[in-house]
Amino acid sequence: MVIGRRVYLHTPNGLGRSVLAAELNRRPVPTTPESVSTMRNWATVTKVLDLLGG
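Everything numeric in this text was worked out from a predicted model, so none of it was measured. (Residues numbered from 1 in each chain as written. Predicted model: local features only at pLDDT ≥ 70, side-chain atom pairs only at ≥ 80, totals over all residues. Heavy atoms only, no water.)

Another aspect to go through is the overall build of the chain. Within the chain one finds 2 helices and 2 strands. The C-alpha radius of gyration computed for the chain amounts to 14 Å, which surpasses the reference 10 Å derived for 54 residues by more than 25%, pointing to a less compact arrangement than a globule. The C-alpha extent of the chain, read off along each of the three principal axes, is 40 × 30 × 20 Å. Counting only residues that meet the buried cut, the chain has 2% of its 54 residues in that class. Summed over all atoms, the accessible surface of the chain reaches about 5,500 Å², with 59% contributed by carbon and sulfur. (Helix = DSSP H or I, 4+ residues; strand = E, 2+ residues; numbered from the N terminus. Rg over C-alpha atoms; globule rule 2.2 N^0.38 Å. Buried < 20%, exposed > 50% of the residue type's maximum accessible area, 1.4 Å probe, protein only. Areas by Shrake-Rupley, 256 points an atom, 1.4 Å probe, with all protein chains shown as cover.)

Structural data, given as structure tokens:
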């Protein structure tokens, strides 16, 4: 799902060995500030939320 500049992926079998991960690793890494990205799995998101008291 794409919402604005965010992309939400559901990867129940993991992203690491997926076709998408292979394609992303094949392409050159963008270096402009606008193209920098991070990924978080849902367990990390909920843990950070807990740490923030939410």
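That shown, we press on.
With 100% of its residues at a pLDDT of 70 or more, the chain has an overall mean of 82. For the chain, per-element mean pLDDT is lowest for helix H1 (residues 19-26), which scores 81, and highest for helix H2 (residues 42-51), which scores 91. (pLDDT = per-residue confidence, 0-100.)

Take a nonpolar patch on the surface next. Residues Val2, Val7, Leu9, Leu20, Leu24 and Met39 make up a contiguous nonpolar surface patch of about 600 Å² in total accessible area. Here Leu24 is to be found in helix H1. When its relative accessible area of 45% is taken as the criterion, Leu24 is described as partly exposed. (Patch = residues over 30% accessible without salt bridge, like charges linked within 9 Å, V, L, I, M, F, W, Y side chains within 5 Å. Salt bridge = Lys/Arg side-chain N within 4 Å of Asp/Glu carboxyl O.)

Within the fold, Gly16 resides in the loop between strand E2 (6-7) and H1. Sequence separation of Gly16 and Val45 is 29 residues, and the distance between their C-alpha atoms is 18 Å.

The next thing to look at is the environment of Pro12. Locating Pro12 in the fold gives a position in the loop between E2 and H1. On the basis of relative accessible area, Pro12 is assigned to the exposed category, the value being 62%. A C-alpha to C-alpha distance of 13 Å links Pro12 and Ala43, two positions 31 residues apart in sequence.

Okay, the environment of Ala21 next. Within the fold, Ala21 resides in helix H1. What Ala21 contacts, discounting residues up to four positions off in sequence, is Leu15 and Gly16. (Contact = heavy atoms within 4.5 Å.)

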